[in-house]
Amino acid sequence: MKKDKRSNLRFDSKAVYCPPDEETKSIAPNIVMSSSFQYDAEIFQRIVEGERKDVNIYGRCGNPTEYQFEEQMMMIEGADACLATASGMAAISITLLGLLKSGDHIVCDWTTYSSTHEMLDHRLTDYNIETTFVDTSNIDAVRAAIRPNTKIIYYETIANPSMKVAPVAPLVELAHARDIVVVCDNTFASPYVMRPLEWGVDIVVESATKFIGGHSDVIGGSICMKSKLLPSDFLEQIRWNTMVKLGAPLAPFNAWMLIRGIQTLSVRVERQCQTAAKLATHFEGHPIIKQVWYPGLTSHPQHEVAKKQMPKFGAMLTFEVEDGDAALKVLDNLELSCFSASLGGVRSTTQIPALMAFLDIPKPEREEMGIRDGMIRVSTGLEDAYDLIEDFDAALSKLK
Ligand SMILES: Cc1ncc(COP(=O)(O)O)c(C=O)c1O
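Residues numbered from 1 in each chain as written. Predicted model: local features only at pLDDT ≥ 70, side-chain atom pairs only at ≥ 80, totals over all residues. Heavy atoms only, no water.

Regarding the site of the ligand
Logical step 1: Around the ligand lies a shell of 15 residues, among which Met89, Asp185, Ser207, Thr209 and Lys210 are the nearest.
Logical step 2: Measuring from an oxygen atom of the ligand, one finds a backbone N or O atom of methionine 89 at 2.8 Å.
Logical step 3: In this structure, aspartate 185 approaches the ligand through a side-chain N or O atom, which is 2.6 Å from a nitrogen atom.
Logical step 4: For the ligand, whose accessible area on its own is 390 Å², the fraction buried by protein is 90%.
Logical step 5: It is helix α5 (residues 88-99) that contributes the most residues to the shell around the ligand, three residues altogether. (Near = heavy atom within 4 Å. Polar contact = N/O pair within 3.5 Å; in protein donor to acceptor, adjacent residues only side chain to side chain. Areas by Shrake-Rupley, 256 points an atom, 1.4 Å probe, with all protein chains shown as cover. Helix = DSSP H or I, 4+ residues; strand = E, 2+ residues; numbered from the N terminus.)

Have a look at this one:
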């Protein structure tokens, strides 16, 4: 099928369809497990002349299986270009380093993944790149934080772990009127739940490790772009001047596993969203639970915003018990849901953001980010929702 026709298919068909391998006609993608490629005089000459397209030079620069993953990601994110990376953090770091130079400024939401926050708040400051942290669901606060040297507005579709949902259209309008690039981490939503590029966001980064892989068995990342502000070859530029230099390509076997993950993304996430909604509704009425954050609940502060911009409300939710000790006791007593760092897999996973990913951030700063010690974050998997509810109820009953 021609690429144009594929782009016009609906999400599920785009996700499942892989162009057959030209030589073998295999339906499943081939894996090219090679770090090096044989040149002949003609290819060598093309490389010497600086040609980078359609020549396999060396595995750190790219690999045919990785390119297939990039094609699939472009399809499902609605992107014009994609660059695959070794992890979600590689995608984030490469994007930031590729867009910024000394003296630049970023406006970023208060609640982002902890390593992203640390990268902005500590590492980039060493290179004279400053970040102002704001609540991106408050457009006036974002406007007030913008400076003449602001280059990026950065946020997460559904913020980790506050589940905050920023209004995309006003953010994009504000940014583009000032030639500021909008970068969104779409990991918590996945392209099935939200496609920020369709709303005018310039760059979407994903930890493909999560919903895209979907089975907690692979690490990978992607940078997808559709932008009127950036040059059309921007991702090719940062492939060569940043990704290759940092040495962070996606490994071929991981690319192959992620293509496989994309093919079942919609059926998995559809069911995972349904389960998250059931759990959120149950938790909201639970006597021991202080608060629940899920964009699908009418009590969620940005429920109306979420309803407008996301056809689904995602498979992530957070709830709060008394304190960190109580949270730890609940997780220790869960038998079906797994106490673990990651998310987005077929097994439900739970964690305590304040004691895990955000532990290195001092408590006052954590609380300003909306992260309380008793918060438990849940990524719903494919177990039966009622078995999960019974598992949580049994663990919560130990707090009485
Ligand atoms: C929202 C978000 N972005 C990025 C990352 C980093 O992804 P990776 O672990 O693939 O580097 C994570 C990891 O948990 C995350 O939760």
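Points about the domain arrangement of the chain
Logical step 1: Domain boundaries assigned for the chain yield domain 1 (3-259) and domain 2 (267-397).
Logical step 2: Domain 1 and domain 2 are separated by 27 Å when their C-alpha centres are compared.
Logical step 3: If you look at the interface, domain 1 gives 33 residues, while domain 2 gives 38 residues.
Logical step 4: In total, domain 1 and domain 2 occlude about 3000 Å² of area from one another, counting both sides; carbon and sulfur atoms represent 66% of this.
Logical step 5: The tally of links from domain 1 across to domain 2 stands at zero salt bridges.
Logical step 6: Seen at the junction of domain 1 and domain 2, the total is 12 residue pairs in polar contact (both at pLDDT 80 or more).
Logical step 7: Looking at the side of domain 1 that touches domain 2, the element that brings in the most residues is helix α6 (residues 114-123), giving four residues.
Logical step 8: Per-class residue counts for the side of domain 1 that touches domain 2 are 16 nonpolar, 13 polar and four charged. (Domains from an automatic or database assignment. Contact = heavy atoms within 4.5 Å. Buried area = accessible area lost by both parts, 1.4 Å probe. Salt bridge = Lys/Arg side-chain N within 4 Å of Asp/Glu carboxyl O. Nonpolar A, V, L, I, M, F, W, Y, C, P; charged D, E, K, R; others polar.)

Here we look at the sheet that holds strand β9 (residues 316-320)
Logical step 1: Judged by pairing direction, the sheet is mixed, and its five strands sit side by side in the order β8-β9-β12-β11-β10 without closing on themselves. The strands lining the two open edges of the sheet, one partner per strand, are β8 (291-293) and β10 (338-339).
Logical step 2: The sheet contact formed by strand β11 (residues 349-351) and strand β12 (residues 375-379) spans three bridges and is antiparallel. What sits directly across from threonine 350, in β12, is valine 378.
Logical step 3: Those strands touched by helix α12 (residues 324-333) are β10, β11 and β12, and its axis lies near 30° from that of β12. (Pairing = 2+ DSSP bridges. Axes fitted to C-alpha atoms, helices over the stretch in contact; angles between N-to-C directions.)

Examining a nonpolar patch on the surface
Logical step 1: On the surface, Leu328, Phe339, Leu355 and Leu359 cluster together to form a nonpolar patch covering roughly 330 Å² of accessible area.
Logical step 2: We classify leucine 355 as partly exposed; its relative accessible area is 34%. (Patch = residues over 30% accessible without salt bridge, like charges linked within 9 Å, V, L, I, M, F, W, Y side chains within 5 Å. Buried < 20%, exposed > 50% of the residue type's maximum accessible area, 1.4 Å probe, protein only.)

Some remarks on the environment of glycine 213
Logical step 1: Inspection of the secondary structure puts glycine 213 in the loop between β6 (203-207) and β7 (221-225).
Logical step 2: Looking at glycine 213, the relative accessible area reads 4%, which means it is buried.
Logical step 3: Along the backbone, glycine 213 and cysteine 224 are 11 residues apart, and their C-alpha atoms lie at a distance of 16 Å.
Logical step 4: The contacts of glycine 213, once residues within four sequence positions are left out, are Ala208, Val218, Leu258, Gly261 and Arg268.

Some remarks on the packing of aromatic side chains
Logical step 1: Throughout the structure, instances matching the rule amount to seven aromatic pairs.
Logical step 2: Among the aromatic residues, ring-to-ring pairing joins Phe283, Phe319 and Phe392 into one connected group. (Phe/Tyr/Trp six-rings, centres within 6.5 Å; stacked < 30°, edge-to-face > 60°.)

Considerations on the environment of proline 301
Logical step 1: Mapped onto the fold, proline 301 is located in the loop between β8 and α11 (303-309).
Logical step 2: Look at proline 301 and you get exposed, because its relative accessible area is 66%.
Logical step 3: Taking the C-alpha atoms as reference points, proline 301 and aspartate 40, 261 residues apart in sequence, are found 61 Å from one another.

Observations regarding the pairing of β6
Logical step 1: For β6, the tally of buried residues reaches five of five residues, placing the bulk of the element in the interior.
Logical step 2: Side-chain alternation along β6 places Ile203, Val205 and Ser207 on one buried face and Val204 and Glu206 on a second face that is also buried.
Logical step 3: As judged from the three bridges shared by strand β5 (residues 181-185) and β6, these two strands associate in the parallel manner. For valine 183, the partnering residue across the bridge sits in β6 and is isoleucine 203.

Section: the sheet that holds strand β4 (residues 150-156)
Logical step 1: Strand order across the open sheet formed by seven strands is β1-β7-β6-β5-β4-β2-β3, with mixed pairing between neighbours. Every other strand in the sheet has two partners, leaving β1 (81-85) and β3 (130-134) as the edge strands with one partner each. Looking at each pair of strands side by side, their axes are set apart by 20° on average, direction ignored.
Logical step 2: Bridge count for β1 against β7 is five bridges, and the pairing is antiparallel. Bridge pairing links cysteine 82 to cysteine 224 in β7.
Logical step 3: Each of β1, β6 and β7 is contacted by helix α4 (residues 64-77), which is oriented at about 130° to β1, the strand it contacts most.

Some points on the packing of helix α10 (residues 252-284) against helix α14 (residues 385-397)
Logical step 1: At a closest axis distance of 10 Å, the pairing of α10 and α14 adopts a crossing angle of 35°. Taken as a pair, α10 and α14 cross one another with a handedness that is right-handed. Of the residues in α14, those touching α10 at Thr275, Lys278, Leu279, His282 and Phe283 are Ala385, Tyr386, Leu388, Ile389, Phe392 and Asp393.
Logical step 2: The residue inventory of the contact of α10 with α14, partitioned by class, reads seven nonpolar, two polar and two charged. (Left-handed = near helix turned anticlockwise from the far one by under 90°.)

Some words on unusual backbone geometry
Leaving glycine aside, a negative phi is the common case for residues, and trans is the common case for peptide bonds.
Logical step 1: Residue proline 161 follows asparagine 160 across a cis peptide bond; omega there is 0°.
Logical step 2: Along the chain, proline 161 falls in the loop between β4 and α8 (168-176).
Logical step 3: Not every positive phi belongs to a glycine, and serine 190 is a case in point at roughly 80°.
Logical step 4: With respect to the secondary-structure elements, serine 190 resides in the loop between β5 and β6.

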